[in-house]
Amino acid sequence: MSKKLAKYRSDYRAPAFTIENVHLNIDLDDHATRVRSQLQLKRQAPGALELDGEHLELITLAVDGVLRSADSYEVTDKQLILTEIPDEFTLDIVTQIDPSANSALEGLYKSGGAFCTQCEAEGFRRITYYLDRPDVLAVFTTTLSADSEHFPFLLSNGNLIDEGKQDNGRHYATWHDPHPKPAYLFALVAGDFDRLEDHYHTLEGRDVRLELFVDKGNLSRANYAMESLKRAMQWDEERFDLAYDLDRYMVVAVEFFNMGAMENKGLNIFNSKYVLADQATATDWDFVHVESVIGHEYFHNWTGNRITCRDWFQLSLKEGLTVFRDQEFSSDLGSRAVHRIDAIRVMRSFQFNEDAGPMAHPIRPDKVIEMNNFYTVTVYNKGAEVIRMLHTLLGEQGFQHGMQLYRQRHDGQAVTCEDFVAAMETANPVDLQQFRRWYSQAGTPQVRIEQRYDAAQGLLTLTFEQMTPATPGQTAKAPVVIPLLFSAYTHAGERLLLTDSAQVNDHESGSQLYVLSDSSATLTFTEVEQEPIIAWLENFSAPVKLQTSVNTEELELLLAHGEQEVTRWEAAQQIYLTCLRQAVTNQQPVQLSASQLRALTKVLKAPIDNALKALIFTLPSAEELLEYYPENAPLDAIERAVKTLAHALANGLQEVFAATFEALESQSEQLSGKAMAARALRQRCLYFLALAKPHDYSPVVAQQALTQGNMTLQQGALEIAVQHQLPCAEQVLAEFAEQWQETPLVMDKWFAVQANARHPETVKRVAQLLDHPKFSLRNPNRVYALLASFSRNSLRFHQEDGSGYKLLQRIITQLNTLNPQVASRLITPFMQWRRFDTRRQSMLKQSLVELQQLADLAPDLDEKITSALQSEETASQ
Ligand code: TRP
Ligand code: ZN
């Protein structure tokens, strides 16, 4: 196989031709699907017509109705090239494909009994020859035909304009999508489903028919997704003034899907995990995720579909913005603090890690080999943080003005990140020149803040420094624009406004705002009557690592008095992290001081949201702690520190945990925010109680594991039993599997709980579960549940004997041919091999080298392995 070549952002060229109309005629068949594609092409620039196409069998080709012989065009394994052609013509191509053989789940494939497609990023070229790039926007008309009995529903984008019977038991349907769109938004589905129908009335009074398609027998699990969809449609009208633009909106849930969901125009295809949810089978967090993914794909209709990307380097244009929008949706409907904290944890546990590794890239990458490798936490989540910084700098109103201008200028176009920033800049009185560096620079900036106070003179001096470490291919870094939200407090816990400096402004969030844009800066304030305690980077106002001189006593004050919920949570996190790092350095167990225990006890008793309390009692993970040790990571010391911190809390706060747990016990089982918060806190209490007194609480946990009708409670009990290896663990596992063996999405929880377990038996257990009858490497959800979970369980993956490495290497080897996209996602923990001791380094490297030598190594893996193995010197060039 020929090696796939890198593409560079700077090489962008408009295509020689554009496609105005496409007529697709697809005769669906398990092994021999015939695709006839009629394209209306029009020249835009000189050059040959180079159509993309992979894994296709070309049957015939005609130009303006005249069949062409094979010597009048060139076919390679990636392209179909035509040279002698008019400037305007119709091209008629017939190809054949084998959907049943498609285990990569890209292009047209079978999911269970149904046909479905996944075309983003470059999957359409596996259906037919095409200009498979997002800047070619065409009007699609699609006729599908299939066996009527097995495939009663034939769906594609847009509006249904014709349907009817054919001979020999087949039928057909023709769909027309009036909105010009790139091929990555094309979709078709054919199958037999249960259908849930509803309606949404836009504020203008237009009626939209909503349809949700799920596997037979699952209708009762589709209601929450439908309600979420209506909430999303209304929210987008109210907050962004964006309304839906077709008469019909369809969502199909499928079992086999590489990612979360896909925003195909008018026909979203979803991983069933983000559609199916009821109290008996879904946890509270599952419901939250359903709502946010439903929202995310719906919001793409404007930020992604109506205004799309010019090229794939611009992916964050639609993904960063749409993640920002779905985060705001969840925050407006639920607890803003809880959702913010969730986003912050994703950044710190995963994005910072990516930014510090060999595949570090800016949110707008410059060089790509396999596009599927760039659907990353950097492009999505850091991308959303960059949008959030714009929102912080411009305020809600200024941001919305920018959005309106963006839409006015670019509706119906394929544009760039630069176009978005330019719209924000024109609509507001700001210069975003330096801000643009967030799009071009990789790496996590480090910010240092020092505070000096001169009591005699009432003088407060704050000094700031920023520095971004080198990343592969980018050694010289320039300072970026860092909005620092902060609040100052007196030692009595009262807010203190620092008003002296022209560079500090009150912000609509309630915090104050200082924007750091130089590599270093100093602020001075006079007439400050006492030394303030300052909460910095409130609400995680920039995706940076922060170093301050705030000590743990001061953090205790912020924990007790911080006006903002996120600030209180952050204070707790910093207290934990300080203790953990001290324990690692001193090679000693974590000790919590009496005053720290008192401060935490107060939190449990305070009249604040139970969901916030639950988060405050969620300790930083080993993975988060690992971020502080870029070299020779002291895994054993980290394991001990994390363990002993949990024990210190469990033992120190036993009584309050017990009292809190009892008081919450009678809470209702409703799906309200209040009930969910109570369950979350109850879970944290039980976690610590079972840690402190495993024998006393094992029966309590076993009992809760049998709760019928509430998966949050069942799964929560299972997790505690397995994590703590309670006496009841094996029995609880067996009962759970017995009850849920026929419900794959619930069995995924069972797989994940075992793969997430922090104790040393985990590697062996995961290896055994590979042979479990309900496990399959062909279904990405199973792989993510068992193996992606395991790959994120750093302490067990890096088990001393290398057994974790061998296990994952074996799986990646198998997935390399079966499903490269999924294989590539599992390789993440190998990427950081340089961060460990020499013994582990050599084992990790050995695995990478062996993988690299695979015959038929997929480009997805090749790109990552090559960058991981690149020598230190060339890596930073
Ligand atoms: N655009 C999808 C989203 O909402 C991402 C996606 C879905 C995807 N399926 C995919 C990307 C397959 C690459 C390959 O975020
Ligand atoms: Zn998206």
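In what follows, the accompanying structure is described. Quantities reported herein were computed from a predicted structural model and do not represent experimental measurements.

Scoring rules and cut-offs
Residues numbered from 1 in each chain as written. Chains lettered and ligands numbered in written order. Predicted model: local features only at pLDDT ≥ 70, side-chain atom pairs only at ≥ 80, totals over all residues. Heavy atoms only, no water. Pairing = 2+ DSSP bridges. Helix = DSSP H or I, 4+ residues; strand = E, 2+ residues; numbered from the N terminus. Donors = N, O, S within 2.8 Å, 3.2 Å for Na, K, Ca; no water. Buried < 20%, exposed > 50% of the residue type's maximum accessible area, 1.4 Å probe, protein only. Expected span 1.5 Å × (residues − 1). Contact = heavy atoms within 4.5 Å. Near = heavy atom within 4 Å. Polar contact = N/O pair within 3.5 Å; in protein donor to acceptor, adjacent residues only side chain to side chain. Areas by Shrake-Rupley, 256 points an atom, 1.4 Å probe, with all protein chains shown as cover. Nonpolar A, V, L, I, M, F, W, Y, C, P; charged D, E, K, R; others polar. Axes fitted to C-alpha atoms, helices over the stretch in contact; angles between N-to-C directions. Parallel < 35°, antiparallel > 145°, perpendicular 65-115°, else oblique. Left-handed = near helix turned anticlockwise from the far one by under 90°.

The subject of this paragraph is the sheet that holds strand S8 (residues 79-82). In space, the three strands of this open sheet follow the order S4-S8-S7, with antiparallel pairing throughout. Only two strands of the sheet have a single neighbouring strand rather than two, namely strand S4 (49-52) and strand S7 (74-75). Pairing of S4 with S8, which is carried by four bridges, proceeds in the antiparallel orientation. Bridge pairing links Leu49 to Leu82 in S8.

Here the zinc ion (ligand 2) is held by the protein donor atoms His296 (NE2), His300 (NE2), Glu319 (OE) and Glu319 (OE), which lie 1.9 to 2.7 Å from it. Donor residues for the zinc ion (ligand 2), ordered by position in the chain, follow H-x3-H-x18-E. Taken together, the residues span a long stretch of sequence, with His296 in helix H2 (residues 284-299) and Glu319 in helix H3 (residues 315-333) at a distance of 23 residues. Each member of the pair, His296 as well as Glu319, carries the same accessibility label: buried.

With 16 residues, H2 should cover 22 Å at 1.5 Å per step; its first-to-last C-alpha distance of 23 Å lies within 8% of that length. Buried residues dominate H2, accounting for 13 of its 16 residues.

The next thing to look at is the environment of Leu787. Within the element layout of this structure, Leu787 appears in helix H21 (residues 780-792). A relative accessible area of 0% means that Leu787 is categorised as buried. Ignoring sequence-local partners within four residues, the contact set of Leu787 consists of Val766, Leu770, Phe775, Leu777, Arg782, Leu808, Ile811 and Leu826.

This part is about the side chain of Arg782. Relative to the helices and strands, Arg782 resides in helix H21. By relative accessible area, Arg782 is classed as buried at 7%. Sequence-distant contacts of Arg782, defined by excluding residues within four places in its chain, comprise Glu255, Pro744, Leu745, Asp748, Phe751, Lys774, Phe775, Ser776 and Leu787.

This brings us to the site of ligand 1. Taken together, 16 residues lie near ligand 1, and Glu120, Ala261, Glu263, Glu297 and Tyr380 sit nearest. A distance of 3.3 Å separates a nitrogen atom of ligand 1 from a polar side-chain atom of Gln118. At 2.5 Å from an oxygen atom of ligand 1 is found a side-chain nitrogen or oxygen belonging to Tyr380. Here ligand 1 loses 97% of its free accessible area of 370 Å² to cover by the protein chains. Those elements giving two or more residues to the shell around ligand 1 turn out to be strand S20 (261-262), H2 and H3. Here the residues of the shell around ligand 1 sort into six nonpolar, five polar and five charged.

This brings us to the packing of helix H26 (residues 838-852) against helix H27 (residues 859-869). The contact between H26 and H27 brings their axes to 10 Å, and the two run at 140°. When the axes of H26 and H27 are compared, the pair comes out oblique. The element H26 and its partner H27 pack so that their crossing is left-handed. Counted together, Lys845, Leu848, Val849, Leu851 and Gln852 of H26 and Ile865, Thr866, Ala868 and Leu869 of H27 form the full contact between these two elements. Here the contact of H26 with H27 is built from residues that sort into six nonpolar, two polar and one charged.

Okay, the sheet that holds strand S10 (residues 107-111) next. The strand order across the open sheet built from four strands is S10-S11-S16-S13, with neighbouring strands paired in antiparallel fashion. Every interior strand has two partners, whereas the edge strands, S10 and strand S13 (153-156), have only one. Pairwise comparison of adjacent strand axes, ignoring direction, gives a mean angle of 20° for this sheet. Alignment of S13 against strand S16 (residues 188-191), held across four bridges, turns out to be antiparallel.

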